[in-house]
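Each chain, letter by letter, is given below.
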Amino acid sequence: MLQYEIAGLKIQIRNGLRSRFRRMRPFESVFSTEPDIEVVLQASGSFPVRKYPADENSQDSIFLDAEYADGKTALYVFLKDTQALEYIIEADSDWSHVTVHHRENDRFYDRAFSEYLGNLILSNKMILSDGIILHASSVLYSGQGIAFTAPSGTGKSTHAAMWVKYHRASIINDDCPAIRYIDGNAVIHGTPWNGSRRKSSNSSAPLSLVVILEQSEQNSIRSLSFDQAIPLLLPRLFLPYHNPALMDKALENADKIFKPIPIWHLKCRANREATELVRQCII
């Protein structure tokens with residue numbers, strides 16, 4: 001039995017592996033109370049036959065199909081590489097008890113859990129815990145959390161790395177930080193799901209600034225209202241499109257979290273001058 005604490009949520013995992021999930025080690029915990037999420041990893045001898053649901057032209061590497069019955073959710077996880085059903089995630093109504101079914105001959109299900117299955121589970125439970133997962137690179141600077149978000153390949157990680165180099169910031173999470181609304185404030189947390197560069201920490205900070213990045217030959221920055229920013233933020237959030245009721249809660253969380261936060265649109269090159277423009281915006 002493995003125990004972790006991620007963004008204030010206690011997670012307990014039961015599986016047949018003796019080794020621990022390497023990427024999750026910084027989040028290991030010991031607790032005797034009831035976990036917020038109990039996960040069972042279970043081998044299955046047979047999977048149902050289901051049609052591959054994805055568009056061939058999509059850039060996504062995994063695809064989901066969903067079913068609901070008696071307040072429970074079943075998520076069917078397909079991989080683009082195989083175009084076959086590889087995992088089934090079954091959860092109760094509040095995502096407190098989750099079973100991940102994997103094939104008996106699957107030798108890499110632990111890697112899949114560390115890379116994306118665990119994030120799928122956490123993102124749903126996070127929504128029910130007044131939070132949301134944001135696709136962003138985030139840093140801790142002078143006691144404040146700053147999130148840099150943009151489509152993949154725009155330079156989020158590069159920009160965060162410049163803050164570490166030039167301003168003695170530290171990385172909170174380089175890909176999928178969790179943001180929770182706690183006691184009237186937005187708090188950004190590190191998670192184990194940290195992108196290709198594997199940069200994250202078991203740390204948190206008040207979220208003080210969100211920066212939406214755009215590549216440009218010239219550096220410039222402007223403030224965005226919430227109404228201007230939300231269409232740019234929504235594609236960067238991990239939203240439960242498979243569940244309309246959970247989707248409503250996710251959008252409610254996004255309103256609570258981001259409305260009070262200064263949001264800036266930074267058009268920039270990858271240089272120190274761009275980081276200085278953002279520093280001038282920190283209150």
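Given the structure is predicted, the values throughout are model-derived calculations rather than measurements. (Residues numbered from 1 in each chain as written. Predicted model: local features only at pLDDT ≥ 70, side-chain atom pairs only at ≥ 80, totals over all residues. Heavy atoms only, no water.)

The final tally for this structure, using the stated rule, is 4 aromatic pairs. Where phenylalanine 148 meets tryptophan 163, the ring centres are 6.0 Å apart and the plane angle is 45 degrees; that geometry is what we call tilted. Highlighted residues: phenylalanine 148 in strand S10 (residues 144-149) and tryptophan 163 in helix H2 (residues 156-167), separated in sequence by 15 residues. Aromatic ring contacts, followed pair by pair, group Tyr52, Phe63 and Phe78 into a single cluster. The positively charged end of arginine 50 is found above the aromatic ring belonging to tyrosine 76, 3.8 Å away from the centroid. (Phe/Tyr/Trp six-rings, centres within 6.5 Å; stacked < 30°, edge-to-face > 60°. Helix = DSSP H or I, 4+ residues; strand = E, 2+ residues; numbered from the N terminus. Lys NZ or Arg CZ within 6 Å of the ring centre and 35° of its normal.)

Once that is clear, we can look at the packing of H2 against helix H5 (residues 272-279). At a minimum axis distance of 10 Å, the contact between H2 and H5 shows a crossing angle of 85 degrees. Judged by the angle between their axes, H2 and H5 are roughly perpendicular. Along the contact surface, H2 presents His159, Met162, Trp163, Tyr166 and His167, while H5 presents Arg272, Ala274, Thr275, Glu276, Val278 and Arg279. Along the lines of polarity and charge, the residues of the contact of H2 with H5 split into 5 nonpolar, 3 polar and 3 charged. (Axes fitted to C-alpha atoms, helices over the stretch in contact; angles between N-to-C directions. Parallel < 35°, antiparallel > 145°, perpendicular 65-115°, else oblique. Contact = heavy atoms within 4.5 Å. Nonpolar A, V, L, I, M, F, W, Y, C, P; charged D, E, K, R; others polar.)

What follows covers H5. When we look at burial in H5, the residues that qualify are Ala274, Thr275, Leu277 and Val278. Projected down its long axis, H5 carries its buried residues within an arc of 155 degrees, all on one side. Structurally, H5 contributes buried residues whose contacts are with S10, H2, strand S14 (204-215), strand S15 (220-224) and strand S16 (263-268). (Buried < 20%, exposed > 50% of the residue type's maximum accessible area, 1.4 Å probe, protein only. Arc of directions from axis to C-beta.)

We now examine unusual backbone geometry. Of note, aspartate 130 is a non-glycine position whose phi angle comes to about 60 degrees, a positive value. Along the chain, the position of aspartate 130 falls in the loop between helix H1 (109-127) and strand S8 (131-133). Despite not being glycine, serine 142 has its phi angle at roughly 50 degrees, a positive value. Mapped onto the secondary structure, serine 142 falls in the loop between strand S9 (136-141) and S10.

Here we come to the sheet that holds strand S1 (residues 2-6). In space, the 7 strands of this open sheet follow the order S1-S2-S3-S7-S6-S5-S4, with mixed pairing throughout. The open sheet has two edge strands, S1 and strand S4 (62-69), and neither has a second partner. Across the sheet, the mean angle from the axis of one strand to that of its neighbour is 20 degrees, orientation sign disregarded. Judged from the 4 bridges that link them, strand S2 (residues 9-14) and strand S3 (residues 37-44) form a sheet pairing that is parallel. When the bridges of S3 are listed, isoleucine 11 appears paired with isoleucine 37. (Pairing = 2+ DSSP bridges.)

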